[in-house]
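A structural walkthrough
So the chains spell out like this:
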Amino acid sequence: MPGAGRRELRPASVSSQPVRVIYLSFPGKPNSRYSCTFRSYDHPEKSPFFGRRCGQCSGGVDPNVPNVARMYDYYLDGKDNFAADRAAAEQILKKFPDTKVGARANRAFLRRAVGYLVDQGVRQIIDLGAGLPTQGNTHEIAPDARVVYVDYDSVVCVHGRALLARKDNVDFLQADVREPDALLDKLGGLVDFEQPVAFLALAILHFIPDEVAYDVVAKLRKASAPGSHLVISHAVDPTPDVTPQALEIYKKATASLNLRTREEILRFFEGYELAEPGLTFPNGWRPDDPSAPGNGINFGYVGVGRKPAH
């Protein structure tokens, strides 16, 4: 994201082959809040600057380990992914050909759910496991709300901060959702927990094991005020015969899958009142067009819950 006052760090020469290079741009003040941005082309691992990181990142980039956020980006036809991500994603697509359609359905649910939150008067939204920024981000759907994106991935962190550097009511927080006490402590300076807040947990809880996932959601509920909301999308096991192979693929990635039944997903909403139509398949939740393509996607459930006054 080159801009005024930024000096772009470029390779000395670029192959005639279409390549994707991740390189860093440093503003005039290297200690400023947003200290680098990414540019993307087709094979980032070929960049002479690959693996460099800014001082705000807590980790580097390993191109050989599939990253679930970048795999999701690939499902959405994004460009912020590496060869290992694409290879793992293609293995999943061979087992589950509708995964891309499912990812788009999940994204469409995000848009409708956030629109619903805005209609309910929610003005603070925390997007957990936000992933790489793409089109139709939460702050774009709710421009008047205070939005905090949360992700533990250092690449997502830097990329997100760079893209959102000029947004006054938007923050990108690097934190691990699996550590709710530390997460809530960091969020305390960014949102007002005396007022209603919405937690978005889209396509993240199925990457967290049971003994942690239910505790995380319970602590978030306890910390939030009445009128707060919880939004969930969660994968299920539609094809038991081939799912074990998919689980093996994700075990080699940055997070393994923990698929749950409908009843186990419903348990996350204990202490919340489910908004109509309850826990449904993604395109069954207040669809814009009930006859739209993808309405048959059945390998995930979504729902929106509200914390009552008592």
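The preceding data block contains the structure.
Below you will find a few notes about this structure. Since this is a predicted model, take the numbers as computed values, not measurements. (Residues numbered from 1 in each chain as written. Predicted model: local features only at pLDDT ≥ 70, side-chain atom pairs only at ≥ 80, totals over all residues. Heavy atoms only, no water.)

**Notes on the pairing of strand 6 (residues 198-202)**
With five of five residues buried, strand 6 lies mostly within the body of the structure. Summarising the sheet, strand 3 (residues 124-128) and strand 6 pair through three bridges and their orientation is parallel. Its bridge partner lying in strand 6, aspartate 127 is registered against leucine 200. Pairing analysis gives five bridges linking strand 6 to strand 7 (residues 229-235), with the strands arranged parallel. Bridged to leucine 202 within strand 7 is serine 233. A crossover links strand 6 with its parallel partner strand 7, the connecting element being helix 7 (residues 210-223), and its sense is right-handed. (Buried < 20%, exposed > 50% of the residue type's maximum accessible area, 1.4 Å probe, protein only. Helix = DSSP H or I, 4+ residues; strand = E, 2+ residues; numbered from the N terminus. Pairing = 2+ DSSP bridges. Right-handed = clockwise from strand over helix to strand, strands pointing away.)

**Regarding the pattern of salt bridges**
Inspection of the entire model under this criterion finds nine salt bridges. Between aspartate 85 and arginine 70 there is a salt bridge, with the nearest N and O atoms lying 2.6 Å from each other. Remark: arginine 70 occurs in helix 1 (residues 68-75) and aspartate 85 occurs in helix 2 (residues 83-95); sequence separation between them is 15 residues. Both residues of the pair, aspartate 85 and arginine 70, belong to the buried class. When the shortest N-O distance is used, the salt bridge between aspartate 210 and arginine 260 registers 2.7 Å. Residue aspartate 210 is located in helix 7, and its partner arginine 260 is located in the loop between helix 8 (243-251) and helix 9 (262-266); the two are separated by 50 residues in the primary sequence. (Salt bridge = Lys/Arg side-chain N within 4 Å of Asp/Glu carboxyl O.)

**Quick look at helix 6 (residues 180-187)**
Those residues of helix 6 not exposed but buried are Pro180, Leu183, Leu184 and Leu187. On an axial view of helix 6, the arc spanned by its buried residues comes to 95°, and they lie on one face. Summarising the geometry of helix 6, the exposed residues directed more than 90 degrees from the buried face are Asp181 and Asp185. Those residues of helix 6 that are buried lie in contact with strand 3, strand 4 (146-151), strand 5 (170-174), strand 6 and helix 7. (Arc of directions from axis to C-beta. Contact = heavy atoms within 4.5 Å.)

**Topic: the packing of helix 6 against helix 7**
Packing of helix 6 against helix 7 brings their axes to within 10 Å, and their N-to-C directions diverge by 35°. Once helix 6 is placed against helix 7, the crossing between them reads as right-handed. Judged by residue contacts, Pro180, Asp181, Leu183 and Leu184 of helix 6 engage Asp215, Val216, Lys219, Leu220 and Ala223 from helix 7. Considered class by class, the residues forming the contact of helix 6 with helix 7 number six nonpolar, no polar and three charged. (Axes fitted to C-alpha atoms, helices over the stretch in contact; angles between N-to-C directions. Left-handed = near helix turned anticlockwise from the far one by under 90°. Nonpolar A, V, L, I, M, F, W, Y, C, P; charged D, E, K, R; others polar.)

By themselves these figures say nothing about function.
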